[in-house]
Amino acid sequence: MDKKMSKVEMQLEKDYKLFQEEKIIPYPTWQYGEIKGKIITLEVEDAPDFGETAYVELDSGRTAFISVDMQTDFCGENGYVDVMGYDLSLTASAIKPIKNVLDAIRGSDIQIIHTREGHSPDLSDAPYLKVLRSKIIGKGIGIGDRPEKGLGRLLIRGEKNWDIIDELYPLEGEIIIDKAGKGAFASSNIHLILKNLGITHLVLTGITADVCVHTIMREANDYGYGCILLKDATGATDQGNCESAIKSIKMQGGVFGNVSDSEKFIKAFKEAL
């Protein structure tokens, strides 16, 4: 006798057939309840096979746009990345696409969240080996040090270089998450905040693609959030690493989520209004 299908199994079969017919991954109202905002139907690159175009539905009222670590330390002169000797243009390339999305969604029901990586002034929350490695690559200047012509101590909370750049600075009412690590779920209260807001999907941007952004996406994926990376709104200190990070998301039908870009997201958002 055939085994009776569970509710989840029946829903999986239904949504799989829908995807086969229309290439849409639907918003699971059966799991989260009625739509709170507007349904955004976003074109993505990677479901189910690498490179194939498909669509993901988001509920604007349960979606958070996250700008990761757009701080002077990571994309400004005399900040941490600059002192480490990397090409700032690679991380700064994310600024304009992020600003374009912020300009489009501010005032809507999409929750805007900014993160900042940094440590307490006494470095009590900074792993010793992390600090040591930074000092080695910075030729004697690392986390907690103030470089020549610098704005303050590198990656230290409260310093000007640690803060978010002026072009993308949070407006009143936007959430700022301060984290002590590359990820956010292990070193901040982001998961509690997202759950209290009823967030189910995250649109991720920021720097760097292969480190902080990717770590947060992997964490969020394991907690069950639907994740979309806007690939032009992220950057890394090495272009090859950036491209590999984006490619790895697309593998296995979207192992960590989906990939789109800022123009597609803005278009889908405006069409949903």
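Structural notes, computed from the coordinates. This one's a predicted model, so the numbers in the text were calculated from it and none came from an experiment.

All right, on to the pattern of salt bridges then. Within the structure shown, the criterion is met by 13 salt bridges. In this structure, the salt-bridge partner of Lys99 is Asp103, at a minimum N-O distance of 3.0 Å. With Lys99 and Asp103 both in helix α6 (residues 95-105), this residue pair falls four residues apart, about one helical turn. Residue classification places Lys99 among the partly exposed positions, given a relative accessible area of 29%. Note on Asp103: relative accessible area 46%, which makes it partly exposed. Salt bridges here are not isolated pairs; linked through shared partners, they connect Asp69, Glu117, Lys130 and Lys179.

Before going further, it helps to spend a moment on the packing of aromatic side chains. Tallied over the full model, the rule gives four aromatic pairs. Relative to Tyr32, the ring of Tyr27 has its centre 5.6 Å away and its plane inclined at 40°; by these criteria the two rings are tilted. Assessed through its relative accessible area of 5%, Tyr27 is described here as buried. For Tyr32, a relative accessible area of 28% puts it in the partly exposed group.

This part is about the state of the cysteines. Put plainly, a disulfide is one covalent bond tying together the sulfur atoms of two cysteines. Tallied over the entire structure, the rule returns zero disulfides. We note that Cys75 lacks a disulfide partner, and the nearest cysteine sulfur, in Cys212, lies 12 Å from it. The thiol of Cys227 is unpaired, and the distance to the nearest cysteine sulfur, on Cys212, comes to 15 Å.

Right, let's get into α6. Buried within α6 are the following residues: Ile95, Pro97, Ile98, Val101, Leu102 and Ile105. One or two steps after α6, the chain reaches Gly107, where phi turns positive at roughly 95°.

For any two helices packed against each other, one specifies the inter-axial angle together with the distance between the axes. The contact between helix α9 (residues 209-222) and helix α10 (residues 239-250) brings their axes to 9 Å, and the two run at 20°. Looking at the two axes, α9 sits roughly parallel to α10. When α9 is examined against α10, the residues Ala209, Asp210, His214 and Met217 are found in contact with a partner set consisting of Asn241, Cys242, Ala245, Ser248 and Ile249. Tallied by class, the residues present in the contact of α9 with α10 amount to five nonpolar, three polar and one charged.

The next point concerns a nonpolar patch on the surface. A contiguous nonpolar patch, built from Tyr128, Leu129, Leu132 and Ile136 and spanning about 450 Å² of accessible area, is present on the exposed surface. Assessed through its relative accessible area of 60%, Ile136 is described here as exposed.

Another point: the environment of Ala184. When you line up the elements, Ala184 lands in the loop between β6 (175-179) and α8 (190-197). Looking at Ala184, the relative accessible area reads 0%, which means it is buried. For the pair Ala184 and Asp15, spaced 169 residues apart in the sequence, the C-alpha separation amounts to 31 Å. The contact partners of Ala184, leaving out residues within four places of it in the chain, are Lys179, Ile190, Ile216 and Glu219.

Read from one edge to the other, the open sheet built from six strands follows the order β6-β5-β4-β7-β8-β9, with strand pairing classed as parallel. Two strands close off the open sheet at either side, each with one partner strand: β6 and β9 (258-260). Put simply, the sheet's adjacent strands are angled 25° from each other on average, direction ignored. Judged from the six bridges that link them, strand β4 (residues 63-68) and strand β7 (residues 201-207) form a sheet pairing that is parallel.

What counts and what doesn't
Residues numbered from 1 in each chain as written. Predicted model: local features only at pLDDT ≥ 70, side-chain atom pairs only at ≥ 80, totals over all residues. Heavy atoms only, no water. Salt bridge = Lys/Arg side-chain N within 4 Å of Asp/Glu carboxyl O. Helix = DSSP H or I, 4+ residues; strand = E, 2+ residues; numbered from the N terminus. Buried < 20%, exposed > 50% of the residue type's maximum accessible area, 1.4 Å probe, protein only. Phe/Tyr/Trp six-rings, centres within 6.5 Å; stacked < 30°, edge-to-face > 60°. Disulfide = S-S within 2.5 Å. Axes fitted to C-alpha atoms, helices over the stretch in contact; angles between N-to-C directions. Parallel < 35°, antiparallel > 145°, perpendicular 65-115°, else oblique. Contact = heavy atoms within 4.5 Å. Nonpolar A, V, L, I, M, F, W, Y, C, P; charged D, E, K, R; others polar. Patch = residues over 30% accessible without salt bridge, like charges linked within 9 Å, V, L, I, M, F, W, Y side chains within 5 Å. Areas by Shrake-Rupley, 256 points an atom, 1.4 Å probe, with all protein chains shown as cover. Pairing = 2+ DSSP bridges.

Keep in mind these numbers describe shape, not what the thing actually does.
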